[in-house]
Amino acid sequence: MKMIMHSLLAFLLLIGAWSSQTESVQGTDEATVAPNKVLIVYLSRTNNTKAIAEIIHRQVGGKLVALELEKPYPENYRATVEQVAKENETGFLPPLRTKIDNIGQYNVVFVGFPTWGMQLPPPIKSFLRQYGGPLKGKTVIQFNTNGGHGIGSTFQTVKELCPNSNVLDGFTMRGGSERDGQLLVIEGARAKEAETAVMKWLRTINILK
Ligand SMILES: Cc1cc2nc3c(=O)[nH]c(=O)nc-3n(C[C@H](O)[C@H](O)[C@H](O)COP(=O)(O)O)c2cc1C
């Protein structure tokens, strides 16, 4: 009987040690920033970047804002690619319809965008030109989706446009490929995978405990 009790005790201790270990590996998923200090701004045409923005919003809270233009891009993909190429060439910054009230009230600003022509989309350049000043001393966190060719120069350009902010390591994952008729792909099982990857990243940059 004593032997059985001892083995049972040892077993319970083992389970206890194991469960506390998995707890520390998984974390508590508590955000380290007050939600009213967090802004999540994103640009999304076919909703892949939007899906990532919504995952971040669910985990961290804060104000979620989709960037809209005064004059939206054409629906046609090719026409959009051409317009973006011209804007990049001339440095044109498309005016934004979206206005952010008192951006200085936020300490952490997430900025999400797709890769366009291997560069940062012009509307994000507009946003950072317009609002980058008050982000001095604040934390800027970027996230990206792309058609399989990666971030290009996007992350570097954000750093250059926010020289006085603390720009943390960004998140990127493959989204759709409008060129090949692939629109929203971060849904269903892929959205679950995205959620796991986003949470892991948020813990790495200490936004989640
Ligand atoms: C105008 C335009 C240009 C694009 N250029 C690239 C590119 O250079 N490299 C790449 O990997 N994907 C490119 N893509 C694909 C998008 O980055 C990809 O589909 C992304 O997931 C779209 O995000 P969204 O669904 O949030 O709009 C481009 C898409 C568009 C509309």
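So, here is what we can say about the structure in this document. (Residues numbered from 1 in each chain as written. Predicted model: local features only at pLDDT ≥ 70, side-chain atom pairs only at ≥ 80, totals over all residues. Heavy atoms only, no water.)

### Quick word on helix H5 (residues 154-161)
(1) Moving on: Along H5, the residues classified as buried are Thr-154, Phe-155, Thr-157, Val-158 and Leu-161. Within H5, the buried residues cover an arc of 160° as seen down the axis, which keeps them to one side.
(2) Moving on: In this fold, the buried residues of H5 make contact with strand E3 (108-114), helix H4 (122-131), strand E4 (139-146) and strand E5 (166-174). (Buried < 20%, exposed > 50% of the residue type's maximum accessible area, 1.4 Å probe, protein only. Helix = DSSP H or I, 4+ residues; strand = E, 2+ residues; numbered from the N terminus. Arc of directions from axis to C-beta. Contact = heavy atoms within 4.5 Å.)

### A short note on unusual backbone geometry
(1) Moving on: In this structure, Asn-47 takes a positive phi of about 80° despite not being glycine.
(2) Moving on: Within the element layout of this structure, Asn-47 appears in the loop between strand E1 (38-42) and helix H2 (48-60).
(3) Moving on: Asn-47 sits in the partly exposed class, given a relative accessible area of 35%.
(4) Moving on: The phi angle at Met-118 is positive, at roughly 60°, despite the residue not being glycine.
(5) Moving on: Looking at Met-118, the relative accessible area reads 36%, which means it is partly exposed.

### Looking at the nonpolar core
(1) Moving on: Counting 28 residues, the largest nonpolar core has Leu-39, Ile-100, Ile-103, Ile-124 and Phe-127 as its most contacted members.
(2) Moving on: At the level of elements, E1, E3, H4 and H5 are the ones that each hand at least two residues to this core.
(3) Moving on: Ranked by residues supplied to this core, first place goes to H4 with four residues.
(4) Moving on: Sequence-distant contacts of Ile-124, defined by excluding residues within four places in its chain, comprise Leu-43, Leu-67, Val-111, Gly-112 and Phe-113.
(5) Moving on: Val-33, Ile-40, Tyr-42 and Ile-186 belong to the second largest nonpolar core, which has 26 residues in total. (Core = buried A, V, L, I, M, F, W, Y, C linked by side-chain atoms within 4.5 Å.)

### Regarding the site of the ligand
(1) Moving on: Around the ligand, the surrounding shell holds 23 residues, and the nearest of these are Ser-44, Arg-45, Thr-46, Thr-49 and Met-118.
(2) Moving on: Ser-44 is positioned such that a nitrogen or oxygen atom in its side chain is 2.5 Å from an oxygen atom of the ligand.
(3) Moving on: Contact distances for the ligand include 3.4 Å between an oxygen atom and a backbone N or O atom of Gly-148.
(4) Moving on: Considering the ligand on its own, with 650 Å² of exposed area, one finds that the protein chains cover 94% of that surface.
(5) Moving on: Elements represented by at least two residues in the shell around the ligand include exactly H2, helix H3 (77-90) and E4.
(6) Moving on: Among the residues making up the shell around the ligand, the classes are represented as five nonpolar, 16 polar and two charged. (Near = heavy atom within 4 Å. Polar contact = N/O pair within 3.5 Å; in protein donor to acceptor, adjacent residues only side chain to side chain. Areas by Shrake-Rupley, 256 points an atom, 1.4 Å probe, with all protein chains shown as cover. Nonpolar A, V, L, I, M, F, W, Y, C, P; charged D, E, K, R; others polar.)

### Quick look at the side chain of Glu-195
(1) Moving on: In this fold, Glu-195 is placed in helix H6 (residues 189-204).
(2) Moving on: Residue classification places Glu-195 among the buried residues on the basis of a relative accessible area of 19%.
(3) Moving on: Leave out the neighbours within four places in its chain, and Glu-195 touches Ile-55, Arg-58 and Gln-59.

### Brief notes about the packing of aromatic side chains
(1) Moving on: As enumerated under the stated definition, the model contains five aromatic pairs in all.
(2) Moving on: Ring geometry for Tyr-73 against Trp-116: centres 5.2 Å apart, planes inclined by 90°, an arrangement best described as edge-to-face. Note that Tyr-73 is positioned in the loop between strand E2 (63-66) and H3 and Trp-116 in the loop between E3 and H4, a separation of 43 residues in sequence. With respect to burial, Tyr-73 and Trp-116 carry one shared label: buried.
(3) Moving on: Considering the side-chain rings of Phe-113 and Phe-155, the 6.2 Å spacing of their centres and the 85° angle between planes classify their relative orientation as edge-to-face. You can see Phe-113 sitting in strand E3 and its partner Phe-155 sitting in helix H5, a full 42 residues away along the chain.
(4) Moving on: Given the relative accessible area of 0%, Phe-113 is considered buried.
(5) Moving on: Three or more aromatic residues joined by ring pairs form one cluster here, namely Phe-110, Phe-171 and Trp-201. (Phe/Tyr/Trp six-rings, centres within 6.5 Å; stacked < 30°, edge-to-face > 60°.)

### Some thoughts on the packing of H2 against H6
(1) Moving on: Taken N-terminus to C-terminus, the directions of H2 and H6 make an angle of 55°; their axes are 10 Å apart at the nearest point. By the criterion of interaxial angle, the relationship of H2 to H6 is oblique. For the pair H2 and H6, the sense of crossing is right-handed. Here Ile-52, Ile-55, Ile-56, Arg-58, Gln-59 and Val-60 of H2 come into contact with H6, specifically with Ala-191, Ala-194, Glu-195, Val-198, Met-199, Trp-201 and Leu-202.
(2) Moving on: Of the residues contributing to the contact of H2 with H6, the split by class is ten nonpolar, one polar and two charged. (Axes fitted to C-alpha atoms, helices over the stretch in contact; angles between N-to-C directions. Parallel < 35°, antiparallel > 145°, perpendicular 65-115°, else oblique. Left-handed = near helix turned anticlockwise from the far one by under 90°.)

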